[in-house]
Amino acid sequence: NSRTKRTLDIVGAIVGLIIGVPIFAFAACIVVVVDGIHPIFRQDRLGYNGKAFSIIKLRTLPIDVTREPSVSRIAKKPQYTTTRTGKFWRRHSVDEILQFWLVLKGDMSLIGHRPIPMYYLPHMKDLDGMTPDSVQSYIDIIIQYKPGMSSLSSVNGRGNLSMLEKIDYDLQYAQQASFWIDIKLLILSVKAVLTCDGAK
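Residues numbered from 1 in each chain as written. Predicted model: local features only at pLDDT ≥ 70, side-chain atom pairs only at ≥ 80, totals over all residues. Heavy atoms only, no water.

Take the side chain of D170 next. Tracing the sequence through the fold places D170 in helix α6 (residues 163-176). Of the side chains bearing the opposite charge, K166 lies closest to the buried D170, which forms no salt bridge; the N-O distance is 8.7 Å. Non-local contacts of D170, meaning those with residues more than four positions away in its chain, are made with H113, R114, Y138, I142 and Y145. (Helix = DSSP H or I, 4+ residues; strand = E, 2+ residues; numbered from the N terminus. Buried < 20%, exposed > 50% of the residue type's maximum accessible area, 1.4 Å probe, protein only. Lys, Arg positive; Asp, Glu negative; His and termini not counted. Salt bridge = Lys/Arg side-chain N within 4 Å of Asp/Glu carboxyl O. Contact = heavy atoms within 4.5 Å.)

Printed below as a string of structure tokens:
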């Protein structure tokens, strides 16, 4: 939560928006024309100090896709049927571009933990190896720093990881976080995006 980290976020977000907004605008037009749906998806996520915020993404799933708040849904992200163009946008992380705005706004950071959907929270205690106390301990730790566009889990498996593996990586980051680790993770994040490593 240092001033240096915030400066890095602002500079990175501005650069990301300059490069990414034209790409996102083009993608949004394609979604409207080809998929025939509204291009923006919003969802409440757990943010800094426990405050919920609305994440913004390019819509890649059909509007009628049901996200049941179940343990199986949380434990391992299922493979939904995407829209006609959705798989491409997700694979190349185009759906995440508008989160640079949330970084600039201060709701997110470039590096942190991936923000958890609010509807996950009541069900996390039912995951194998988790208890109400361990869930609360995890939440108490991660709300002390902003959720990130990328994270330690994002460069170590991303969509291939289980929720428990992501939790472990989030706790590791909380213990080790520093300016230079953020720089390292930013470089690895760019590599992961370019290679589509773990993207689903």
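Direction of pairing for strand β3 (residues 109-112) relative to strand β4 (residues 148-151): parallel, over a ladder of three bridges. Bridging across to β4, S109 finds its partner in G148. In this view, the connection linking β3 to its parallel neighbour β4 by way of helix α5 (residues 132-142) has right-handed handedness. (Pairing = 2+ DSSP bridges. Right-handed = clockwise from strand over helix to strand, strands pointing away.)

End to end, helix α1 (residues 3-35) covers just 42 Å across 33 residues, shorter than the expected 48 Å (1.5 Å per residue, more than 12% under). By the largest-angle criterion, G20 marks the main kink of α1, which is about 40 degrees, and a proline, P22, follows within four residues. Of the residues making up α1, those classed as buried are K5, L8, D9, A13, G16, L17, G20, F24, A27, A28, V31 and D35. Two residues or fewer after α1 comes G36, characterised by a positive phi angle close to 70 degrees. (Expected span 1.5 Å × (residues − 1). Bend = angle between axes of the 7 residues up to and from the residue.)

Here N49, not a glycine, exhibits a phi torsion of approximately 60 degrees, which is positive. In this fold, N49 is placed in the loop between β1 (40-46) and β2 (52-58). In this structure, S93 takes a positive phi of about 60 degrees despite not being glycine. With respect to the helices, strands and loops of the structure, S93 is situated in the loop between α3 (86-91) and α4 (99-105).

So, about the side chain of D182. Inspection of the secondary structure puts D182 in helix α7 (residues 179-195). Setting aside residues no more than four positions away along its own chain, D182 makes contact with K5, L8, I111 and Y173.

A few words now on the nonpolar core. By size, the foremost hydrophobic cluster in this structure holds 42 residues, and its most contacted members are L58, M124 and M163. Elements supplying a minimum of two residues to this core: α1, β2, α4, β3, α5 and α6. A per-element tally of this core places α1 first, with seven residues. If sequence neighbours within four positions are ignored, M124 has contacts with I74, I116, M130, V135, Y138, M163 and I167. (Core = buried A, V, L, I, M, F, W, Y, C linked by side-chain atoms within 4.5 Å.)

Residue-level pLDDT values for the protein average 90, and 92% of them are 70 or greater. Put simply, helix α2 (residues 71-75) is where the protein has its lowest mean pLDDT, 73, and α4 is where it has its highest, 97. (pLDDT = per-residue confidence, 0-100.)

Looking at where T195 falls in the secondary structure, it is placed in helix α7. When the C-alpha atoms of T195 and R91 are compared, they prove to be 9.3 Å apart, with 104 residues separating the residues in sequence. Looking at T195, its side chain comes within polar contact range of the main-chain oxygen of K191, at 2.9 Å. (Polar contact = N/O pair within 3.5 Å; in protein donor to acceptor, adjacent residues only side chain to side chain.)

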